[in-house]
Amino acid sequence: MTTAAYTSHLPANAGWLTRAEAWLDHKGKGAWIAAMVLGFILFWPIGLGLLAYMIWSKRMFGKSCRSHTRHNTHAAWAAMKPSGNMAFDAYKAETLRRLEEEQGAFEDFLKRLREAKDKAEFDQFMDDREKRMKDVSETAEA
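Thresholds applied
- Within each chain, residue numbers correspond to sequence positions counted from 1 in written order.
- In keeping with the predicted nature of the model, local features appear solely for residues at pLDDT of at least 70, side-chain atom pairs appear and are counted solely at 80 or more, and the whole-chain, interface and lining totals rest on all residues.
- With hydrogens and water stripped out, all remaining heavy atoms of the structure feed into the side-chain values.
- Note on definitions: salt bridges are taken to be side-chain nitrogens of Lys or Arg within 4 Å of carboxyl oxygens of Asp or Glu.
- Put simply, DSSP H or I for four residues or longer makes a helix, DSSP E for two residues or longer makes a strand, and each gets a number counted from the N terminus.
- Multiplying one less than the number of residues by 1.5 Å gives the expected span of a helix.
- We call two N or O atoms a polar contact when they sit within 3.5 Å, provided that within protein one can donate a hydrogen and the other can accept it, with sequence-adjacent residues counted only if both atoms are side-chain atoms.
- Interaxial angles span 0 to 180 degrees and are taken between N-to-C directions of axes, which are lines fitted to C-alpha atoms, for helices over the stretch in contact.
- In these notes the angle categories are as follows: under 35 degrees is roughly parallel, over 145 is roughly antiparallel, 65 to 115 is roughly perpendicular, and the rest is oblique.
- For this analysis, residues touch if any pair of their heavy atoms sits within 4.5 Å.
- Three classes are used: nonpolar for Ala, Val, Leu, Ile, Met, Phe, Trp, Tyr, Cys and Pro, charged for Asp, Glu, Lys and Arg, and polar for all others, with Gly counted as polar.
- Aromatic rings from Phe, Tyr and Trp, taking only the six-membered ring of Trp, are treated as a pair when their centres fall within 6.5 Å; an angle between ring planes under 30 degrees marks them as stacked, one over 60 as edge-to-face, and anything in between as tilted.
- Burial classification: accessible surface area is computed with a 1.4 Å probe over protein chains only, and a residue below 20% of its type maximum counts as buried, one above 50% as exposed, and the rest as partly exposed.

The name given to the protein chain in an unreviewed UniProt entry is DUF2852 domain-containing protein, with Ponticoccus alexandrii as the source organism.

Shown next as structure tokens:
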């Protein structure tokens, strides 16, 4: 997962502490505990400060870590259930079918593009190899 996934809600000028907090939140409660233990190992006031912050911000006993990802998963599943309006459900099914077809067509396009690029690179390699072999044979004759 990219850094944009867990820092998308941060302002552009967020400091390193804010980014570190977002990273630890993204990794979950285990990461916070590991950071606290490392803090105690390196220098005990760091570990104590992290413990105090975790208790104060309710990261130790609350469900603040990674709760947003569970909520997003729940919202995704909720979007797939029928709404009760048959016309809307038919429209949604047709739109999803069309999007899946477009995705398949796009993936086929990307595959053809990669194959064309690979072929062009291989042809260039073979041309360079042939040129080197010709140069070697010319210098051997001379």
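Moving on from the model shown.
### What to know about the pattern of salt bridges
Taken as a whole, this structure holds five salt bridges when the rule is applied. Arg97 serves as the salt-bridge partner of Glu94, at 2.3 Å between the closest nitrogen and oxygen. With Glu94 and Arg97 both in helix α6 (residues 86–141) and three residues apart, the pair spans about one turn of that helix. Note that Lys117 is salt-bridged to Glu121, the shortest N-O span being 3.9 Å.

### What to know about α6
Counted at 1.5 Å a residue, the expected span for α6 with its 56 residues is 82 Å, and the 82 Å between its end C-alpha atoms agrees. The residue sitting at the N-terminus of α6 and contributing the capping side-chain oxygen is Asn85; that oxygen lies 3.0 Å from the backbone nitrogen of Ala87.

### Notes on the packing of helix α2 (residues 16–27) against helix α3 (residues 29–42)
Relative orientation of the contacting elements α2 and α3 amounts to 125 degrees, with a least axis distance of 5 Å. Considering their axes alone, α2 and α3 lie oblique with respect to each other. Residues Glu21, Leu24, Asp25 and Lys27 of α2 form the contact with α3, whose participating residues are Ala31, Trp32 and Ala35. Counted by class, the contact of α2 with α3 contains four nonpolar, no polar and three charged residues.

### Some words on the packing of aromatic side chains
Taken as a whole and judged by the stated rule, the model has three aromatic pairs. Ring plane angle 40 degrees and centroid distance 6.5 Å describe the contact between Phe88 and Tyr91, whose orientation is recorded as tilted. Of the two residues, Phe88 and Tyr91 are both situated in helix α6; the distance of three residues between them amounts to about one turn of the helix. For Phe88, a relative accessible area of 41% corresponds to the partly exposed category.

### Notes on α2
Every α-helical turn comprises 3.6 residues, leaving residues that sit three or four positions apart pointing alike. With 12 residues, α2 should reach 16 Å at 1.5 Å per residue; the first-to-last C-alpha distance of 16 Å fits that figure. Within α2, the full set of buried residues consists of Ala22, Leu24, Asp25 and His26. In the segment just after α2, Gly28 is the residue with positive phi, at about 110 degrees.

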